[in-house]
Amino acid sequence: MTGLFAERESDCAPDGDALSGYARLLSGIVGVLEQARTAAVRSVNAVMTATYWSIGYSIVEQELRGKERAGYGEELMARLAVDLTAKFGRGFGQRNLYQMRQFRLAWPPETILQTLSAKSSKQQILQIPSAKLPVVVFGDGESVDLGMLAQAFPLPWSAYVKLLSARSPEARRFYETEAIRNGWTVKQLNRQINSLFYERTALSRDKAAMLLRGSDAVVGDAVIAEESVKDPLVLEFLGLKDEYSETDLEDALITHLTDFLLELGDDFAFIARQRRLRLDDSWFRVDLVLFNRRLRCLVLVDLKLGKFSYQDAGQMTLYLNYAKQHWVKPGENPPAGIILCSGKGTDEVRYSLDGLGNAILATEYRLALPDEKLLEAELAATRIHF
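Quantities reported herein were computed from a predicted structural model and do not represent experimental measurements.

J.: Explain the overall build of the protein chain residue by residue, including any values.
T.: What the protein chain contains, in helices and strands, is 16 helices and seven strands. A burial count over the protein chain gives 41% of its 386 residues as buried. Expressed as a percentage of contacts within the protein chain between residues at least 6 apart in sequence, the contacts between residues at least 24 apart total 61%. Here the protein chain has roughly 21,900 Å² of accessible surface; of this, 54% comes from carbon and sulfur atoms.

J.: Can you break down the pattern of salt bridges residue by residue, with the values?
T.: Following the criterion strictly, the structure yields four salt bridges and no others. The residue E170 makes a salt bridge to R173 at a minimum N-O spacing of 3.8 Å. Of the two residues, E170 and R173 both sit in helix α7 (residues 169-182), three residues apart, roughly one turn of that helix. On the basis of relative accessible area, E170 is assigned to the partly exposed category, the value being 40%.

J.: Would you mind going over the environment of A179 in detail, with residue names and values included?
T.: Tracing the backbone through its elements, the reader meets A179 in helix α7. A179 gets classed as buried once you look at its relative accessible area, which sits at 2%. C-alpha of A179 to C-alpha of L155: the two residues are 24 residues apart in sequence and 8.0 Å apart in space. Excluding anything up to four places from it in sequence, A179 contacts L155, W184 and L189.

J.: Tell me about the packing of aromatic side chains, residues and numbers included.
T.: Applying the stated criterion across every chain, the model contains 17 aromatic pairs. On the basis of an interplanar angle of 45° and a centroid distance of 5.2 Å, the ring pair of F103 and F153 is categorised as tilted. Of this pair, F103 sits in helix α3 (residues 94-106) while F153 sits in the loop between α5 (146-149) and α6 (157-163), and the two are 50 residues apart along the sequence. With a relative accessible area of 0%, F103 lands in the buried category. Taking relative accessible area as the criterion, F153 reaches 1% and is therefore assigned buried. Sitting over the ring of F88, K87 keeps its end group 5.8 Å from the ring centre.

About the cut-offs
- Residues numbered from 1 in each chain as written.
- Predicted model: local features only at pLDDT ≥ 70, side-chain atom pairs only at ≥ 80, totals over all residues.
- Heavy atoms only, no water.
- Helix = DSSP H or I, 4+ residues; strand = E, 2+ residues; numbered from the N terminus.
- Buried < 20%, exposed > 50% of the residue type's maximum accessible area, 1.4 Å probe, protein only.
- Contact = heavy atoms within 4.5 Å.
- Areas by Shrake-Rupley, 256 points an atom, 1.4 Å probe, with all protein chains shown as cover.
- Salt bridge = Lys/Arg side-chain N within 4 Å of Asp/Glu carboxyl O.
- Phe/Tyr/Trp six-rings, centres within 6.5 Å; stacked < 30°, edge-to-face > 60°.
- Lys NZ or Arg CZ within 6 Å of the ring centre and 35° of its normal.

Dropping the structure here:
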């Protein structure tokens, strides 16, 4: 028997040894698949990060050529944002382009070349097929293709976006070094930056103990390859639609409840599912966005698989404020929110009418929106069914 997971003849015997052999076979295949998926995600992230650095590099070079014109940089970014968004869709707004520009400034070419030289001397470079990848030509004439440039960025793009928020270049270098040394996920890096780990380490008398403690992960830090692929930044780079729900149950419930709300009458019109919004460097999703024709307002629906909490109300208020500023069209009323809670033993509906500032309007909203008891009954029956 030949192959990557070939077993000895004795492993195929119809007894306990056979079961042991199969277990080793299955374990080997699972290990290869998991490692391959992780490697594939790393390759995509590395090329994406190198691409965004090269875009930032090109922007900086163009700005330097037009620096004699007042306001040239702002004009350049605005025009690029319009043209790139028209051609590639999301991911190339002015905020994103400014991050790429900032990325190039924080990691200058000389630093990149030193990193690549050091890796090459230690034979640490993992080759990425780059026969057809574009080439970046530096000011001194030295050129590096994206496959090679990607080796200078061992962390995912989301991590570098977070590193850009560090309070100083020294803090950024510290967090980058520790993230690479300890294999931090983006969640770990985010937690360490938010907890001022650099400052606390600098003030500590036992810095070695602090660094050792910083390498510890907590529950929720781990990120599987599937979650990395669903990162909105990766999806934007690959030009893929973001239509993922958190769980199969949530997806099934939202599908059913969408149909149910639309069947209540002709008041509701479907707008979007899993609509994304970005605040600073954090992404959120609104499960369902409808438009109520009678109220002339957007209705945001958020499904929670657990019991209702004050955090759910706060998050809905955030969604409503964002929608009011960015999604509401002229002549429309302020949006309303519906929070569906489907925890075990809890099937309830909460309306959020924050920000209406008008008691009569709020009353009208409550009368026009679906009856809470009706939604609770449908939610309970649907959850039991699925």
